[in-house]
Number of protein chains: 2
Amino acid sequence: MQNAPQLKTFFSECQARVEAALEQALPPAEQPPARLHQAMRYAVLGSGKRVRPTLAYAGAQALGIPKGRVDAGAVAIELIHGYSLVHDDLPAMDDDDLRRGRPSCHKAFDEATAILAGDALQTLAFATLAQEPIDEIDDSIRVAMVAALARAAGSIGMAGGQALDLESEGTELDLVMLENIHIHKTGALIRASVQMASLACPDLEPARADALDHYAKCIGLAFQIQDDLLDVEGETDVIGKQSGADVVHAKATYPSLMGIAPAHEAANDLVNDALRSLECFDDGADPLRWIAQYIVSRDR
Amino acid sequence: MQNAPQLKTFFSECQARVEAALEQALPPAEQPPARLHQAMRYAVLGSGKRVRPTLAYAGAQALGIPKGRVDAGAVAIELIHGYSLVHDDLPAMDDDDLRRGRPSCHKAFDEATAILAGDALQTLAFATLAQEPIDEIDDSIRVAMVAALARAAGSIGMAGGQALDLESEGTELDLVMLENIHIHKTGALIRASVQMASLACPDLEPARADALDHYAKCIGLAFQIQDDLLDVEGETDVIGKQSGADVVHAKATYPSLMGIAPAHEAANDLVNDALRSLECFDDGADPLRWIAQYIVSRDR
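Residues numbered from 1 in each chain as written. Chains lettered and ligands numbered in written order. Predicted model: local features only at pLDDT ≥ 70, side-chain atom pairs only at ≥ 80, totals over all residues. Heavy atoms only, no water.

- If you check an unreviewed UniProt entry, chain A appears there as (2E,6E)-farnesyl diphosphate synthase from Halochromatium glycolicum.
- In the Cofactor (unreviewed entry) part of its UniProt record, chain A is described as follows: "Mg(2+)".
- In the Sequence similarities (unreviewed entry) part of its UniProt record, chain A is described as follows: "Belongs to the FPP/GGPP synthase family." (UniProt positions renumbered as here; feature names shortened; annotations may be inferred.)

Here it is in structure tokens:
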């Protein structure tokens, strides 16, 4: 990828920034109930690409607002993402023993602790939006952020997508149904990541907010297609979870429904659509452009 | 109980009010993902005493503010309570097949759906505070309500109490440790219920807010002691869950640590402390007084 070094630098900066903020937001490991707090920290710290926070910061850069205005939003989104992974991995859900190359939370701790850690991470996400100091963010913006995050995470967003996914097991999915699952399961939170920047930008023209939202919709779906492709093509030691897991569970994926080459093409088309949506932005939007290109070129 | 008829009327009014508001807040049963939405509605509607919403409305009456100002807070609290019951009943947690005289959510649906329904109910609680129209409530109050609810529900509140409870299984608990569990596990959300009224009251004197908070702390603990007593003394068909469950699981309870008569006495002392805390309030606080008396006289 052409801009890989610049993106790597941008990613590193955003990762360091959000990880410092997450470290602050999470209760100390020794604070009672210690086992719960250790599980919360285990689930969120020490691994993770921080794609969603990086998207929020890249959105801020595109809009010319300081990163400080999206810190709380970036932390909240990553906490929701972390909670969803902990719960998705549970035996009653996807039953994954491995996550990001480490034992999943319920294997490293126990099932009850993992359920509670996920629950408490979700609560902490909303606490962060309400409590953390945010540069020049007034309460109406905080309320809008809570509403946007709740919409993205709830039964007609991420949790709903996971429910649709579970309902679909053992049934024949077509592409429309598969896309509907992914729009909710992974797409909603990716859109919310970019929305955190739009909401934090005073007097943002609706056309620019819409352009960013369209960008986020496109890359969200591209991200999922690439995930499916990586599952088919990747190696366990590179992607950090068991390769071929979707095949073993006989789940519908983009490659299984479209074929591998057309799935690559669909992901590329979506990324090009995302890039076109950014044409009204100056080079402040370059990190968003690099992220779009990265999504279809990443190998994990 | 002396004021039982008046409390019954007040409870009925509050139940009807919050149930109408919950019906509005919950997604329709037929809206996809339908199974998830049915599970969310099953967990929250059609049963439940609505003690917490009634406390919020009683707090509003004590402070002379319209019930409309605490509707969203009452709904949010009850959604959090509903989510916690669904997750607490899971096989990996308390493993209860029965809740309020009906199959618990994971028995009526399935474990994955119950996990997701609990997750989505928590999200909906915060969505409600951010989105529902609230009479004359400005955004700074909404933010304060989100912060209060998150504090009460999270790892140093209700979820933390449940974690402490799980950690304590198989260990010898003393009264201080047991009280610490209950202050968090059930007490925090009961305090938050009354706080919703205090937060919604403009220009509330700190002394009155503190008096209400002390009332809530006392009755929260009394409520739990009475719950323990009901588990020892009650019949399954009256209390709606398996009687003696705590004994079977060898869990420490107030009666097991103190004896039955001293546990009754402790609950009564707490209720008297709660009533003293209300001395600075006029008869608008009578519903709060009736609730305090009800807590130690209830049989379910």
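### Considerations on the overall build of chain A
Alright, step 1. Scanning chain A for helices and strands turns up 15 helices and two strands.
Alright, step 2. Here the C-alpha radius of gyration of chain A, 18 Å, is about what a compact globule of 300 residues would show, namely 19 Å.
Alright, step 3. C-alpha extents for chain A along the principal axes are approximately 50 × 50 × 35 Å.
Alright, step 4. Relative to its full complement of 300 residues, chain A shows a buried share of 59%.
Alright, step 5. Counted over contacts in chain A with a minimum sequence separation of 6, partners at least 24 positions apart contribute 73%. (Helix = DSSP H or I, 4+ residues; strand = E, 2+ residues; numbered from the N terminus. Rg over C-alpha atoms; globule rule 2.2 N^0.38 Å. Buried < 20%, exposed > 50% of the residue type's maximum accessible area, 1.4 Å probe, protein only. Contact = heavy atoms within 4.5 Å.)

### Looking at the relation of the copies chain A and chain B
Alright, step 1. Superposing chain A onto chain B takes a rotation of 180 degrees plus a shift of 0.0 Å along the axis, which leaves an RMSD of 0.0 Å. The symmetry that links the two subunits is that of a two-fold axis. Closest approach to the rotation axis within chain A is made by the C-alpha atom of Asp139(A), at a distance of 2.8 Å.
Alright, step 2. An overlap of 100% is found between the interface residues of chain A and their copies at the interface of chain B, pointing to a shared contact surface. (Least-squares fit on C-alpha atoms with pLDDT ≥ 70 in both.)

### Some details on the nonpolar core
Soluble globular proteins tend to bury their nonpolar side chains together.
Alright, step 1. Core analysis: the largest hydrophobic core is formed by 215 residues, its most contacted members being Leu149(A), Tyr215(A), Leu149(B) and Tyr215(B).
Alright, step 2. Apart from residues no more than four positions distant in its own chain, Leu149(B) is found in contact with Ala76(B), Ile77(B), Ile80(B), Ala125(B), Phe126(B), Leu129(B), Leu189(B) and Met196(B). (Core = buried A, V, L, I, M, F, W, Y, C linked by side-chain atoms within 4.5 Å.)

### Regarding the pattern of salt bridges
Alright, step 1. Per the stated rule, a full pass over the model turns up 26 salt bridges over all chains.
Alright, step 2. Residues Arg17(A) and Asp71(A) are paired through a salt bridge, measuring 2.7 Å at the closest nitrogen-oxygen approach. Remark: Asp71(A) occurs in helix α4 (residues 71-88) and Arg17(A) occurs in helix α1 (residues 4-25); sequence separation between them is 54 residues.
Alright, step 3. Among the residues examined, Asp71(A) registers a relative accessible area of 19% and is labelled buried.
Alright, step 4. Residue Arg298(B) pairs with Asp227(B) through a salt bridge whose shortest N-O separation is 3.2 Å. (Salt bridge = Lys/Arg side-chain N within 4 Å of Asp/Glu carboxyl O.)

### A closer look at the environment of Leu275(B)
Residue and element names in this part refer to chain B.
Alright, step 1. Of note, Leu275 is situated in helix α14 (residues 260-277).
Alright, step 2. As for Leu275 and Ala211, which are separated by 64 residues in sequence, their C-alpha atoms are 10.0 Å apart.
Alright, step 3. Apart from residues no more than four positions distant in its own chain, Leu275 is found in contact with Arg289, Ala292 and Gln293.

### Some thoughts on the interface of chain A and chain B
Alright, step 1. Contacts between the two partners involve 44 residues from chain A and, on the opposite side, 44 residues from chain B.
Alright, step 2. In this assembly, chain A and chain B are joined by zero salt bridges.
Alright, step 3. Joining chain A to chain B, the criterion identifies eight residue pairs in polar contact (both at pLDDT 80 or more).
Alright, step 4. For the side of chain A that touches chain B, the elements supplying multiple residues, two or more each, are α2 (34-44), α4, α6 (111-131), α7 (139-153) and α8 (158-168) of chain A.
Alright, step 5. Of the residues contributing to the side of chain A that touches chain B, the split by class is 26 nonpolar, eleven polar and seven charged. (Polar contact = N/O pair within 3.5 Å; in protein donor to acceptor, adjacent residues only side chain to side chain. Nonpolar A, V, L, I, M, F, W, Y, C, P; charged D, E, K, R; others polar.)

### A few points about the packing of aromatic side chains
All names here are of chain A.
Alright, step 1. Counted under the stated rule, the structure contains five aromatic pairs over all chains.
Alright, step 2. Aromatic pair Tyr42 and Phe109: ring centres 5.6 Å apart, planes at 70 degrees, arrangement edge-to-face. In this pair, Tyr42 sits in helix α2 while Phe109 sits in the loop between α5 (105-108) and α6, placing the two residues 67 residues apart along the sequence.
Alright, step 3. According to the relative accessible area criterion, Phe109 is buried, its value standing at 17%.
Alright, step 4. In this arrangement the basic side chain of Arg102 is found over the ring face of Tyr42, its NZ or CZ atom lying 4.1 Å from the centre. (Phe/Tyr/Trp six-rings, centres within 6.5 Å; stacked < 30°, edge-to-face > 60°. Lys NZ or Arg CZ within 6 Å of the ring centre and 35° of its normal.)

### Description of the environment of Leu166(B)
Alright, step 1. Residue position: Leu166(B) is located in helix α8 (residues 158-168).
Alright, step 2. Considering only alpha carbons, one finds Leu166(B) and Met93(B), 73 residues apart in sequence, at a separation of 7.8 Å.

### Observations concerning unusual backbone geometry
Alright, step 1. Look at the link from Pro32(A) to Pro33(A): it is a cis peptide, with omega at -5 degrees.
Alright, step 2. Among the secondary structure elements, Pro33(A) is positioned in the loop between α1 and α2.

### Points about helix α4 (residues 71-88) of chain B
Alright, step 1. Across its 18 residues, α4(B) extends 26 Å between first and last C-alpha, which sits within 8% of the 26 Å expected from 1.5 Å per residue.
Alright, step 2. In terms of residue burial, α4(B) counts as a mostly covered element, since 18 of its 18 residues are buried. (Expected span 1.5 Å × (residues − 1).)

### Quick look at helix α14 (residues 260-277) of chain A
Along an α-helix, residues three or four positions apart point the same way, because every turn accommodates 3.6 residues.
All names here are of chain A.
Alright, step 1. Taking 1.5 Å of rise per residue, 18 residues should cover 26 Å, and α14 covers 26 Å from first to last C-alpha, within 8% of that figure.
Alright, step 2. Among all positions in α14, only Ala263, Ala266, Ala267, Leu270, Val271, Ala274 and Ser277 are buried. Down the axis, α14 shows its buried residues gathered within 135 degrees of arc, on one side only. Seen from the open side of α14, the exposed residues pointing more than 90 degrees away from its buried face are Ala261 and Glu265.
Alright, step 3. On the buried face of α14, the contacting elements are α10 (206-233), α13 (254-258) and α15 (286-297). (Arc of directions from axis to C-beta.)

### Focus on the side chain of Gln224(B)
Alright, step 1. Within the element layout of this structure, Gln224(B) appears in helix α10 (residues 206-233).
Alright, step 2. Setting aside residues up to four positions removed in sequence, Gln224(B) forms contacts with His182(B), Thr186(B) and Tyr254(B).

### Here's the deal with the packing of α1(A) against helix α3 (residues 51-63) of chain A
Each pair of packed helices can be summarised by the angle the axes make with each other and by the distance between the axes.
Residues and elements named next belong to chain A.
Alright, step 1. Contact geometry of α1 with α3 gives a least axis separation of 9 Å together with a crossing angle of 110 degrees. Between α1 and α3, the interaxial angle falls into the category roughly perpendicular. Side by side, α1 and α3 meet where Phe10, Phe11, Cys14, Arg17 and Val18 of the first sit next to Val51, Pro53, Thr54, Tyr57, Ala58 and Gln61 of the second. (Axes fitted to C-alpha atoms, helices over the stretch in contact; angles between N-to-C directions. Parallel < 35°, antiparallel > 145°, perpendicular 65-115°, else oblique.)

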